[in-house]
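Here is what each chain is made of, one letter per residue.
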Amino acid sequence: MRFSVFISVLRSLGPVVIGISLGFTLSLLSVSWTEEACPLEGKESEDVASGQEGLLKGARKPNSISTGNDVESEEDFEPRIVPYKQVQPSAPKKVFRAKYISTELGMRERLFVGVLTSKNTINTLGVAVNRTISHHLDIVVFFTGSRNRKVPHGMFVVSHGDERLIWNMFQTVRYVLDHYINEYDWFYFIQDDAYVEADRIRELVEHLSMDRELYMGSPEEFIGGEMEGKYCYGGFGYLLSRSLLLRLQPFLENCRNDILSSRPDEWLGRCIIDYTSTNCVSEYEGLEYHHYELGKNSDPSKEQNEKFKRALTVHPVSDPEQMYRLHRFFSEIELQKTYNEIAKLQAEIKNVSVLAFEGNRTSQWPVGVNPPFEPKSRFEVLKWEYFTEEEIYSCIDDAPKCELRGIDKMDVADVIETAIEELNKKYKPTLHLKKQQLINGYRRFDPTRGMEYTLDLQLEVVNQKGHSRSITKRVHLVRPLSLIEIIPMPYVTEATRVHIIIPLTAEDRTYVSHFLEVFASNAFETSENAILTFLFIYDPEEAQHVNHNDIFADVKNQINVYERKYPAVKIPWISVKTEIPSQIKFMDIISKKHPVDTLFFLAHVNTNINAEFLNRCRMNSINNWQVFFPIHFQEYNPDVTYHNQPRPATVDLVKDVGHFDRRSFDEACFYNSDYMATRSRMLADVQENEDILESLDIYDIFVKYSGLHVFRAVEPALHQQYRYQTCNPKLSEDIYHRCIQSNMEGLGSRSQLAMLLFEQEQGNST
């Protein structure tokens, strides 16, 4: 009985015991055993420890960590304090980031065009070339030998200062390598006595690989025939790849010193062949460089040669008139080609739309143009404008009707003419239609597709037998939106200091107190990065009594008060004497007293200036790129606006209180360097007519002479109280007329003036 119980217990505990025994056995086998002395007392323990030192080396006790002195007691251990040393942060490495993504990614424009001109032809053929190709290409640079005093408007001209042809060619290539080699893939050079079909040149480049070493043009044998290879004749132009120019760059000086030639195109061809072994070709990978030699006194409209119609360049061109005739001829060819492509695409769209679920209804009219805008509510319904040939019934100043003039009149005339042409194309030769009059006209701007027109025309219809009758026909037209282009703008910041220039005459003294009060709260107290400068304008009689009766003495005292109140603020002032207060004469004085990188804001003393506008002045004024002329909000005459009503403490920007004065050009933001460059360009005109300084203002000279973008827009942050301007008849007729119109439009809205007249008539009748 006991034996059976023992067997049952063993069966249950046996595996456990065996497992524990096996675990101890394996653990003992995996440990390296060392002989360790037993701890003794006193000196004996030290001897034992020293005797066992050799055994302890290299052996590791189980579950222990070797220390420097194992026999030391924990009581003798003294902690060592390590002083904390702050790690000096290293200066962060400045990372250069390009302003534009295209620069950082190494993206380049496709085509650079250089025009070789001269002192005698830049104002004739050079201007004609610029007018015919500049708006089709990204960049056109004119290279000339001598420096002209007057450069034609809208042209980028590089002068080398020497009339030697080979020297000019060398300098041109070197200039391109220094300034444009990293920005463009292809470089095209042409003389100013050749017509260039810009769209075809651009299309040719689009089909060429950028990494090819290509020298393309009209191949010619070298003079004498001693040298192998062919160069590109300069009269028909030549195309150079970036890769070829980069390979030629190290040897350009050698070419200048070693190669002798009387023709610049031949010199360049020998240089390219000698150092790159690249010959001129007129065909590459199936693409041909078509050119045509024009005969003397040839009429482009009578040329029937197919080679002439396919030409990329035509040479020689004798005068600008012939250049413009060539441009018209080739433009008509390209325009007709575009119309044919549009008609082909429209036919394809109609054919495909038949297979759609809704059939032909899926193809909107006109075919290929976006469908009309569909409003989601009554507030989004687009408004139609009604017009006739003489009047339009939608006016800016809420008048019931106004005269159709300017660009609106040209628009209506063009639409009517186009409608008659399209009707004649449709009904010829059976019928011929002539316009008698426009009965009704409607137009609206659809932001999704363009300007839409509906015309009710009274027409005279003449058949082939000569019989005629009058009919009325309704037509619909659409002027589609053209290709939208995003213009890249240079990088600007809001950290630029603004120098505010306030011209003051004797009549403006009453506004100074309010101006300084507002400006102090908006700029002085907020430490705005701006400097205020007053320009005191004396007439000759006032200047004679300035020592004992200064008309601006009170203003100068107010300036001193604000300088004492704000010790960190200095308000400089400049005094000038003149009979006719001209903006240009004032700015000439101020410009000389400031550095070239100064940002000016020219304003009137009646203007309320705040930080919001100053930031927009900084952002919209771009050095060597753009000037900014804001349109301020002008309050109406308070006697008209608040007739028999109390005046509010603050004024909101609503149409019943004021308007944006489009007649005023007093406010301007621009850089001093841009002003100085513009003044230098008008120097020749000033020498011919000194009165031009009084007939133009700052806006006029930037538009006519600068070549910069002139940005003009309404500015709600620029607020001006009502004032009656004293218009100086000594200024130009245009400036004087603008001043008169500004005074008239600033009195009040048409409805307010009408109510005053109505009340006056009511009072007179009673």
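Remember, it's a predicted structure, so these values are computed and weren't measured experimentally.

Chemist: What is the right way to read the overall build of the protein from this model?
Modeler: Assigned secondary structure in the protein consists of 25 helices and 28 strands. Looking at the protein as a whole, 38% of its 766 residues are labelled buried. In the protein, of all internal contacts separated by at least 6 residues, the share reaching a separation of at least 24 is 70%. Of the roughly 47200 Å² of accessible surface on the protein, 53% is carried by carbon and sulfur atoms.

Chemist: Explain the state of the cysteines here, please?
Modeler: Such a bond, covalent and formed between the sulfur atoms of two cysteines, is termed a disulfide. A full pass over the atoms with the stated rule returns five disulfides. Here Cys 617 engages in a disulfide with Cys 669; their sulfurs sit 2.2 Å apart. Negative torsions about the S-S bond denote left-handed disulfides, and the value of about -125° found for Cys 617 with Cys 669 makes this one left-handed. Taken together, the residues span a long stretch of sequence, with Cys 617 in helix α18 (residues 611-620) and Cys 669 in strand β27 (residues 668-671) at a distance of 52 residues.

Chemist: It is not clear to me how the side chain of Arg 449 should be interpreted in this structure. Could you clarify?
Modeler: Relative to the helices and strands, Arg 449 resides in the loop between β17 (431-446) and β18 (450-463). Look at Arg 449 and you get buried, because its relative accessible area is 5%. For Arg 449, the side chain forms a polar contact with the main-chain oxygen of Asn 370, separated by 3.1 Å. With residues up to four places along the chain from it excluded, the contact list for Arg 449 reads Trp 365, Pro 366, Val 369, Asn 370, Pro 371, Pro 372, Val 478, Arg 479, Pro 480 and Leu 481.

Chemist: Would you take a moment to explain the nonpolar core for this structure?
Modeler: Generally speaking, soluble globular proteins have nonpolar side chains that are buried together. Counting 40 residues, the largest nonpolar core has Leu 111, Tyr 188, Leu 239 and Val 314 as its most contacted members. At the level of secondary structure, the elements contributing two or more residues to this core comprise β1 (109-116), α5 (122-133), β2 (140-144), β4 (184-191), β5 (195-196), α7 (198-206) and α12 (320-353). With six residues, α5 is the single largest residue contributor to this core. Each residue touching Leu 111, except ones within four places of it in the same chain, is listed here: Leu 137, Asp 138, Ile 139, Tyr 184, Trp 186, Tyr 188, Ile 201, Arg 202, Val 205 and Leu 239. With 37 residues, the next largest nonpolar core counts Ala 520, Leu 532, Phe 601 and Phe 628 among its residues.

Chemist: Which parts of the structure should I look at to understand the sheet that holds β5?
Modeler: Pairing between the strands of a sheet comes from backbone hydrogen bonds, and it takes one of two forms, parallel or antiparallel. The three strands are arranged β5-β13-β12 in an open sheet whose pairing can be described as mixed. Strand pairing shows two members of the sheet lacking a second neighbour, β5 and β12 (291-293), which therefore form its edges. Two strands pair when backbone bridges link them, and β12 and strand β13 (residues 313-315) are joined in this way by three bridges, in the parallel orientation. Counterpart to Glu 293 in the pairing with β13 is His 315.

Chemist: Would you mind showing me how to read the packing of aromatic side chains here?
Modeler: Each aromatic ring pair is characterised by the separation of its centres together with the angle its planes make. Summed over the entire model, instances satisfying the criterion amount to 38 aromatic pairs. Between Tyr 215 and Tyr 238 the ring centres are 6.5 Å apart and the planes differ by 75°, which places this aromatic pair in the edge-to-face class. With Tyr 215 in strand β6 (residues 215-217) and Tyr 238 in strand β9 (residues 238-241), this pair connects stretches of sequence that are 23 residues apart. Each member of the pair Tyr 215 and Tyr 238 is classed as buried. Grouping aromatic residues by their ring pairs yields a cluster made of Phe 515, Phe 519, Phe 524, Phe 534, Phe 536, Tyr 538, Phe 552, Tyr 562, Tyr 566 and Trp 573. For the cation-ring pair, Lys 556 lies above Trp 573, with the distance from its terminal atom to the ring centre recorded as 4.1 Å. Its end group placed over the ring of Tyr 699, Arg 712 keeps NZ or CZ at 6.0 Å from the ring centre.

Chemist: Got a minute to help me understand helix α20 (residues 672-681) in this structure?
Modeler: Residues separated by three or four positions in an α-helix point in the same direction, a consequence of the helix having 3.6 residues per turn. Among all positions of α20, only Asn 672, Asp 674, Tyr 675, Thr 678 and Arg 679 are buried. Along the axis of α20, the buried residues cluster in a sector spanning 160°; they form a single face.

Chemist: Could you clarify how one ought to interpret unusual backbone geometry in this entry?
Modeler: Most peptide bonds are trans, and most residues other than glycine sit at a negative phi. Cis geometry is found at the peptide bond from His 315 to Pro 316, where omega equals -5°. Among the structural elements, Pro 316 can be located in the loop between β13 and α12. The omega torsion across Lys 428 and Pro 429 is 0°, close enough to zero to call that bond cis. Here Pro 429 is to be found in the loop between α13 (406-427) and β17. The backbone phi angle of Glu 285 is positive, close to 50°, even though this residue is not glycine. Within the fold, Glu 285 resides in the loop between β10 (283-284) and β11 (287-288). Look at Asn 624: it is not a glycine, yet its phi comes out positive at around 60°. Turning to its location among the elements, Asn 624 is positioned in the loop between α18 and β25 (626-635). Here Asn 624 falls in the exposed class, since its relative accessible area comes to 60%.

Criteria and thresholds
Counting of residues starts from 1 at the beginning of each chain's written sequence and follows it residue by residue. Reporting of local features is limited, given that this is a predicted model, to residues whose pLDDT is at least 70; pairs of side-chain atoms are given and counted only at 80 or more, and all residues count toward the totals for whole chains, interfaces and linings. Calculated side-chain values reflect all of the structure's heavy atoms, with hydrogen atoms and water omitted. Numbered from the N terminus, helices here are DSSP runs of H or I no shorter than four residues, and strands are runs of E no shorter than two. Residue burial is assigned from relative accessible area. The probe radius is 1.4 Å, only protein chains are included, and a residue is buried under 20% of its type maximum, exposed over 50%, and partly exposed in between. Here, residues are in contact when the closest pair of their heavy atoms is within 4.5 Å. Using a 1.4 Å probe, the Shrake-Rupley method yields the accessible areas, and only the shown protein chains count as cover for residues. We call a pair of cysteine sulfur atoms a disulfide whenever their separation is within 2.5 Å. In protein, a polar contact means a hydrogen-donor-capable atom and an acceptor-capable atom, both N or O and within 3.5 Å, with residues adjacent in sequence counting only if both atoms are side-chain atoms; elsewhere, any N or O pair within 3.5 Å suffices. Residues belong to one nonpolar core when they are buried, are Ala, Val, Leu, Ile, Met, Phe, Trp, Tyr or Cys, and are joined through side-chain atoms within 4.5 Å. Pairing between strands is defined by DSSP: at least two bridges between the two strands are required. Stacked, edge-to-face and tilted labels apply to pairs of Phe, Tyr and Trp rings (six-membered ring for Trp) whose centres lie within 6.5 Å, assigned for plane angles under 30 degrees, over 60, and everything in between, in that order. In this analysis the charged atom, NZ for Lys or CZ for Arg, is taken to sit over a ring once it is within 6 Å of the ring centre and within 35 degrees of the ring normal. It is the directions from the helix axis to the C-beta atoms that the arc portrays.

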